[in-house]
Every structure is written in structure tokens, then in C-alpha cells.
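Structural overview for review
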Amino acid sequence: MNNLKLPEDFIFGAATAAYQIEGAFNEDGKGESIWDRFSHTEGKTKNGDTGDIACDHYHRYEEDVNLMKNLGLDAYRFSLSWSRIMPDGRNPVNKKGIDFYNKLIDKLLSKNITPYITLYHWDLPQKLEDVEGWANNDIWKYFADYADICYQNFGDRVKNWITLNEPFCTAIPGYFTGELAPGYRDAQKTLAAVQNLLLASGQSIALFRESKCKEGQIGITLNFSPTKPLTDSDDDKAATIRWNAILNELFITPIVHGKYPRALSDIFGFDIEIDSKKKEIMMQKFDFLGVNYYSRNICKYNPRIPFIKSEVVVPEGAPVSDMGWEIYPQGIYDLLMWLKNYYGDPVVYITENGMALKDEIKDNSVDDTERIKYLNDHLENCLKAKEDGSKLKGFFVWSLMDNFEWSYGFTKRFGIIYVDYDSLKRIPKKSYYWIKDLLEKRK
């Protein structure tokens, strides 16, 4: 199964996040993050797993970059740990944190792998959470200061930047449902977090335009899932509109159109407006939109779920990943065309796509044929969308290696490289070699 032909100028990379792979959670001056705190709180993660060591990428980054080089990647998308660079979330700056990322960037460039940096992938410094976190109305200014430090230190070599990864997951599971760090269930904090995340992204884009890396490009990564109702009932249709507003429209609509989705007022029971000064910051023009896609969402009405009154279900008999998510490759095509038609036809990168499997080692190898089919089918739909006019420029597989999967701990494996968490040995899976072959065929 390798009949795909990628365009020569199509960027193919792999993605990771700092807390999920780095480890070294308290080394070389790093401060505590909300995920350090959350994962050390009893009952918050499967088996009490933490990212204290994770994949030990902090100490093994050279080995990992060599694996990327052998694979033939064009690019590597990774996030910076805010609390490694600024342990308290604000000044002073930790030189050893800067040094680590400089070494990683230089190693990537020496192997002709282009770095794509995500400034924030969920691991807020705990010192900032202690003063209301993303609900603090000054936090977007703190984030902009942090972004500026990163531009100053890395912008001479890094030309591709992402402000936030999936702010939906910061605001909704983090402040509304309590599933992810910091673990709140508070509607007012949720709305404050949404606004402050939008301001943080917009202000850091504005600073980017004035920085030493202004010749590069910057965007934001949002997660999307095309939605449809389970049935034609009015209740299911209304539930789908509400869920679509929260999941798919909550961030992109203010950024592109300068307003919140209409259904948001219905969900929270009062009108939510954006004042003109904040709107100007939020609507800073991005160079590209990062898109994370895993599955579509089928919605049904459920009055027991607060505010949204909507539940996501999997159609009976549908194939699913180890996360229980429906495998629906056409959804990535539908999503790309929706963005083209309703959100200004942006330049797009798929910044995450992949699947979790119950991978097992047999004879020092991992046969993840199902993952190969998943990636093949999604890439086919990506290329079809590109042919039909989407300004899709590249694709980043999630993930480079198995890692700490947030609340699931180490129980879910998304990587194209297997990690033995006892020995920390890396073992490329069958999908790794499939991608290697795919990329070699472009030459």
C-alpha cells in the first residue's frame, strides 16, 4: 500500500509536544507546569502516570533527530515548554532552557530538517495558574512577553511558528469539563480563558511582525471535527449546532470574522460580544492555519450535559481507533473544503493526524498496518482537497513517537516509533518504514 505520490513541494513532517516527550521535569532550572501539578494529583491520569521522564527526549534529542533524518522528514513540529524558558511564566529567563532548544534547533538544521515551533501546547507555568491562569485578564500580555523572548532567541534560525495548539482543549476540557489540566468546571472562567487565548495569539502575531523573524510565517493550530446529527430530529439538529459552535467555530470565527458564533449565546444564556479594541488584536492576520483532525463527530441531544446538551456518539459498526474515535478519512476532505469556502480560503497545514493502536513488539518490530491504512486514506483525501482548490501546503503525522498521552498516561500509543517505557528504547514501527518509502519516492 504505497501508491500515493506526494507533490515535490508538499511538506511532510512529524509532530510532538514538550510535556509529552521531554521529561526532565525539574532539571536545569525548569519551573513547575500545570501538567506537572495535574499529573501528580491522585486520580487525574491513568495509573497515576506522569511526564516526569516521558520519552526522556531532553537527554535523547540527538538520537531522536537522527531517527527523523533516517526517516527523511522535511520538517519537525515541536512545542516549547514555557516553564523551561521562564520558570515562573514571567521574567527572569532560564538560560539553560534557552540552551536546550538552541541545541535542538541547531541539530535539526544540521540534518536539513525544518523546525516548526509551537509556542504553547497546554503546559502553562503553574505560577501563572496560581493567579487564575488563562482566566487572568493580564495573561495574554504575559504570553506575548514569552513569545517575544522566543522570537529573540530562536528567530534568527526558525522561520515557522505556531502561537497556540488547540486552544479549545485549554478552554473547554481545561476550564469547563475538568478533563484536562488545570481541571476546572467553571463557565465564567471558560469564557475568560477563550477571550484571553484569542488575545494571546493575536498579540503574539503582532509582535512577530516586528521581530527578527518577520520574514518567516506564523499561524495558529485549531482542532476540528466535521459534525452532523445522529437523526433528523429537531433536538439532534440543535445539539449539533451547539456542539459545532463550541468545537469548530469558537476560535476560528472571532479570528476571521471578528465575532463569536451565534450559538454561543444560546449555550451560556447571555449575549457575548467582543469590544472593538480586543477585536483588532484577535483579528491579526495569520499566514497559515494549522489543522488537527482525527475524526468526525456525530451528535445527539442529551439534556444531562450542562449548557451544551449535546453528546458525541460513534455510529453502530463504525471502525474506531484505540481512543474509541471513529475512523473517517473523508472528514479531512470535508473539513478542508469547509475552511476554504467559509473561512477565507486560508493557507493550511495539517499539523496533526494519526491514530492510537494497541501496538505490540514481536521479534523486535511493530506491525501497525492499520495505522498505515489510516494515514494512506487520510493523505489521499488531503491530496484530493488540494486538487479541488484547498491551499494545503503540508502534513504532520501525530506522533513521531509514543508518548505521555495526557489523562490517558502511557496507555495510548500514537507514534510511528515505539517507545519501551522501561528501557526508553526506540523501535521504528512498520508505519515508519512506510513513510520512509513514501518520501523516498518523491526523489
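Residues numbered from 1 in each chain as written. Predicted model: local features only at pLDDT ≥ 70, side-chain atom pairs only at ≥ 80, totals over all residues. Heavy atoms only, no water.

1. Observations regarding the sheet that holds strand E5 (residues 217-223)
Pairing is parallel in the closed barrel, where eight strands are placed in the order E1-E2-E3-E4-E5-E7-E10-E11. Direction aside, neighbouring strands of the sheet carry axes that sit 25 degrees apart on average. Sheet topology places strand E10 (residues 347-353) next to strand E11 (residues 391-398); five bridges connect them, and they run parallel. Within the sheet, the bridge partner assigned to Val347 lies in E11 and is Lys391. Along the sheet, helix H7 (residues 139-154) contacts strand E3 (114-120), strand E4 (160-165) and E5; its crossing angle with E3, the most-contacted strand, is approximately 160 degrees. (Pairing = 2+ DSSP bridges. Helix = DSSP H or I, 4+ residues; strand = E, 2+ residues; numbered from the N terminus. Axes fitted to C-alpha atoms, helices over the stretch in contact; angles between N-to-C directions. Contact = heavy atoms within 4.5 Å.)

2. Concerning the packing of helix H8 (residues 167-175) against helix H9 (residues 187-210)
Remark: H8 packs on H9, axes separated minimally by 9 Å, with the N-to-C direction vectors making an angle of 165 degrees. By the criterion of interaxial angle, the relationship of H8 to H9 is roughly antiparallel. In this structure, H8 meets H9 at a crossing whose hand is right-handed. Here H8 contributes Pro167, Thr170, Ala171, Ile172 and Tyr175 to the contact with H9, which in turn contributes Lys189, Thr190, Ala193, Val194 and Leu197. (Parallel < 35°, antiparallel > 145°, perpendicular 65-115°, else oblique. Left-handed = near helix turned anticlockwise from the far one by under 90°.)

3. Quick look at the side chain of Gln20
Assignment of secondary structure puts Gln20 in helix H1 (residues 18-21). Under the relative-accessibility criterion, Gln20 is labelled buried at 0%. Within the structure, Gln20 has its side chain in polar contact with the side chain of Asn403 (distance 3.1 Å). Other than its neighbours up to four places away in sequence, Gln20 contacts Ala54, Cys55, His121, Trp398, Asn403, Phe404, Glu405 and Trp406. (Buried < 20%, exposed > 50% of the residue type's maximum accessible area, 1.4 Å probe, protein only. Polar contact = N/O pair within 3.5 Å; in protein donor to acceptor, adjacent residues only side chain to side chain.)

4. So, empty space enclosed by the protein
By the definition in use, this model includes five cavities of 30 Å³ or more. Here the largest cavity defines a volume of roughly 70 Å³. In terms of lining, the largest cavity is formed by 13 residues, of which the most central are Ala18, Tyr19, Glu22, Lys30 and Arg84. Among the elements of the structure, H1 and helix H4 (82-85) are those that each provide at least two residues to the lining of the largest cavity. Looking at the lining of the largest cavity, its residues break down into three nonpolar, five polar and five charged. (1 Å grid on protein atoms, 1.4 Å probe; cavity = no way out; pocket = protein on both sides within 12 Å on 5 of 7 lines; lining within 4 Å. Points joined across faces, edges and corners; volume = space filled by probe spheres on them. Nonpolar A, V, L, I, M, F, W, Y, C, P; charged D, E, K, R; others polar.)

5. Examining the confidence of the model for the chain
Across the chain, the average pLDDT comes to 96, with 99% of residues at or above 70. Mean pLDDT per element in the chain: helix H12 (residues 263-268) is the minimum at 87, and strand E2 (residues 75-79) is the maximum at 99. (pLDDT = per-residue confidence, 0-100.)

6. Topic: the packing of H7 against H9
The contact between H7 and H9 brings their axes to 8 Å, and the two run at 35 degrees. The hand of the H7/H9 crossing is right-handed. Here Ile139, Trp140, Phe143, Ala144, Ala147, Asp148 and Tyr151 of H7 come into contact with H9, specifically with Asn196, Leu199, Ala200, Gln203, Ser204, Ile205, Leu207 and Phe208. Class assignment of the residues belonging to the contact of H7 with H9 gives a composition of eleven nonpolar, three polar and one charged.

7. Here's the deal with the packing of aromatic side chains
Considering all chains together, one arrives at 39 aromatic pairs under this definition. For the pair Tyr19 and Phe404, a centre-to-centre distance of 5.4 Å together with 85 degrees between the ring planes defines the contact as edge-to-face. Of this pair, Tyr19 sits in helix H1 while Phe404 sits in the loop between E11 and strand E12 (417-419), and the two are 385 residues apart along the sequence. Of the two residues, Tyr19 and Phe404, both sit in the buried class. Look at Trp122 and Trp406: their rings are 4.7 Å apart centre to centre, the planes differ by 40 degrees, and that puts the pair in the tilted class. Here Trp406 lies in the loop between E11 and E12 and Trp122 lies in the loop between E3 and helix H6 (126-129), a separation of 284 residues in the sequence. A relative accessible area of 5% means that Trp406 is categorised as buried. By way of ring pairs, the aromatic residues Tyr19, Trp35, Phe38, Trp122, Phe404, Trp406, Phe410 and Tyr421 are connected into one cluster. (Phe/Tyr/Trp six-rings, centres within 6.5 Å; stacked < 30°, edge-to-face > 60°.)

8. Describing the sheet that holds strand E8 (residues 297-301)
Taken in spatial order, the three strands of this open sheet run E6-E8-E9, and their pairing is mixed. A single partner strand is all that each edge strand has here, and the edge strands are strand E6 (227-229) and strand E9 (310-313). Averaged over all adjacent pairs, the angle separating strand axes in this sheet is 40 degrees, with direction ignored. Sheet topology note: the E6/E8 ladder contains three bridges and is parallel. Residue pairing for E8: Pro229 is matched across the bridge by Cys299.

9. Quick notes on the pairing of E3
Of all seven residues making up E3, six are buried, and the element is well covered by its neighbours. Strand direction decides the pairing type here: E2 and E3, joined by five bridges, are parallel. Looking at E3, one finds that Ala75 is bridged to Thr114.

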